[in-house]
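Residue-level structural notes
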Amino acid sequence: MKNLLNVLRDDDVETELMQVIETIIDASKEIAFRVRQGALAGVLGSTQDENIQGETQKHLDIISNQLFKDLLLACRPVAALASEEEDTVVEANPTGKYLVAFDPLDGSSNIDINGQIGTIFSIYRALDLIPHHSEMQFHQQGSQQVCAGYVLYGPSTLLAITTGKGTRCFTLDSTQGNFLLTADKIQIVQDTQEFAINMSNSRFWSEDMRCYISDLTLGETGPRQKRYNMRWNAAMVGDVHRVLTRGGIFLYPSDNRNAKQPAKLRLLYEANPMAMLTENAGGRAWSEQQRILEIQPQQLHERVAVILGSANEVDECLSYLQR
Ligand code: AHG
Ligand code: MN
Ligand code: MN
């Protein structure tokens, strides 16, 4: 089986970008080890602190963020970092060519229940005409990402990654410490009978979104004429991994719970990388009115609605929203 670095070399990924990816991989291997150790490594439980988004930080959120920060700041080609757990941009090397945005620990509510959790990352080229640590560096559309991926800390540790030449999956061989290619050029099936959404929020959705989901639940005799099943991991990494593996549609729609926060998932380090992985696997990734990768970011931690997965099902959903 080919290992990650050989695959990236075959794709002619430039050396400095390889260094950034290797650094991300090293940090995630360290997190994977601690996740496996669980309570023995002191990674369970919450701190007394909140991040800038008003969410209570878990110990593992902090540990993962610190590991990523320490390793990426020591990686020469990195110019600046943006993290879910950092209020503002973190300055790295002024001569670095790359920017990294990341969600160090996705699915935090699953940490203490031994459920699926992961790390999501996105890499951009730093812009020449802007100071290297300016927030404006990160106001690039998702279509400008040069690499996107996630590491899923599940029963096995998996890396899904794309540099724009297809989406691949690698499994961590813990005997050697290498990520080995286990799914090449993934193609998400175009049709599906599986959806993922947090149904408990339905009263806050738009009427059109409620109608779409309701039609999915009506089965063979409903307008969609097939029986759908529902799954919800409460960790985007787990849900998106299922979509890449066997198809499906994943939704976190906008809602009217809180006027200041009309959506939950963050554009820079959740929606954009997952959209790049999905599109590179032949799926679709939209934010209700717009392709996610075409959204012009306005803020570091901005949130967007997410609808992604099997192409025909995403189109069907969008047709309800465009009625
Ligand atoms: P994070 O743990 O990084 O804050 O992200 C959690 C996100 C995402 O992974 C998941 O899809 C969603 O929040 C779960 O939301 P619910 O609490 O509504 O299930
Ligand atoms: Mn997250
Ligand atoms: Mn997180």
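Okay, so let's go over this structure.

Definitions and cut-offs
- Residues numbered from 1 in each chain as written.
- Chains lettered and ligands numbered in written order.
- Predicted model: local features only at pLDDT ≥ 70, side-chain atom pairs only at ≥ 80, totals over all residues.
- Heavy atoms only, no water.
- Helix = DSSP H or I, 4+ residues; strand = E, 2+ residues; numbered from the N terminus.
- Rg over C-alpha atoms; globule rule 2.2 N^0.38 Å.
- Buried < 20%, exposed > 50% of the residue type's maximum accessible area, 1.4 Å probe, protein only.
- Contact = heavy atoms within 4.5 Å.
- Pairing = 2+ DSSP bridges.
- Expected span 1.5 Å × (residues − 1).
- Axes fitted to C-alpha atoms, helices over the stretch in contact; angles between N-to-C directions.
- 1 Å grid on protein atoms, 1.4 Å probe; cavity = no way out; pocket = protein on both sides within 12 Å on 5 of 7 lines; lining within 4 Å.
- Points joined across faces, edges and corners; volume = space filled by probe spheres on them.
- Nonpolar A, V, L, I, M, F, W, Y, C, P; charged D, E, K, R; others polar.

1. Brief notes about the overall build of the chain
- Within the chain one finds 7 helices and 17 strands.
- Since a compact globule built from 323 residues should have a radius of gyration of about 20 Å, the 19 Å found for the chain is in line with a globular shape.
- Once the C-alpha set of the chain is aligned to its principal axes, its extents read approximately 60 × 45 × 40 Å.
- Expressed as a percentage of its 323 residues, the buried residues of the chain come to 56%.
- Considering only contacts within the chain whose residues lie at least 6 apart along the sequence, 63% involve residues at least 24 apart.

2. Structural notes on the pairing of strand β10 (residues 178-183)
- Two strands pair when backbone bridges link them, and strand β9 (residues 168-173) and β10 are joined in this way by 5 bridges, in the antiparallel orientation. Bridge pairing in β10 places C169 opposite A183.
- In this structure, the hairpin formed by β9 and β10 is closed by a connection of 4 residues, where G177 is found at a positive phi of approximately 80°.

3. Some remarks on helix α6 (residues 267-279)
- Counted at 1.5 Å a residue, the expected span for α6 with its 13 residues is 18 Å, but the 16 Å between its end C-alpha atoms falls short.
- The buried fraction of α6 amounts to 12 of the 13 residues, a majority that puts the element mostly inside the structure.
- Listed as buried for α6 are L267, L268, Y269, E270, A271, N272, P273, M274, A275, M276, L277 and T278.

4. Describing unusual backbone geometry
- A positive phi is found at D12, a non-glycine position, where the angle reads about 60°.
- Examined against the element boundaries, D12 turns out to sit in the loop between α1 (4-10) and α2 (15-37).
- For K185, which is not glycine, the phi torsion reads 40° and is therefore positive.
- Tracing the sequence through the fold places K185 in the loop between β10 and β11 (194-196).

5. Some words on the side chain of N51
- By secondary structure assignment, the location of N51 is in the loop between β1 (46-50) and β2 (56-58).
- Beyond its immediate chain neighbours, meaning those up to four positions away, N51 contacts Q57, E84 and E85.

6. Observations concerning the sheet that holds strand β7 (residues 147-153)
- The strand order across the open sheet formed by 8 strands is β4-β3-β5-β6-β7-β8-β9-β10, and the pairing between neighbours is mixed. Each edge of the open sheet is held by one strand with a lone partner, namely β4 (90-91) and β10.
- Strands in contact with helix α5 (residues 236-246) are β5 (98-106), β6 (117-125), β7, β8 (157-162) and β9; relative to β7, the strand with the most contacts, it is inclined by about 105°.

7. Let's talk about empty space enclosed by the protein
- All told, the structure shown has 1 cavity of 30 Å³ or more when counted by the stated rule.
- Of the volumes computed, that of the largest cavity is approximately 40 Å³.
- V7, L8, D11, I161, T162, T163, G166 and R168 together form the lining of the largest cavity.
- Taken together, the elements giving at least two residues each to the lining of the largest cavity come down to α1 and β8.
- Split into classes, the residues belonging to the lining of the largest cavity amount to 3 nonpolar, 3 polar and 2 charged.

These values are about where atoms sit, not about what they do.
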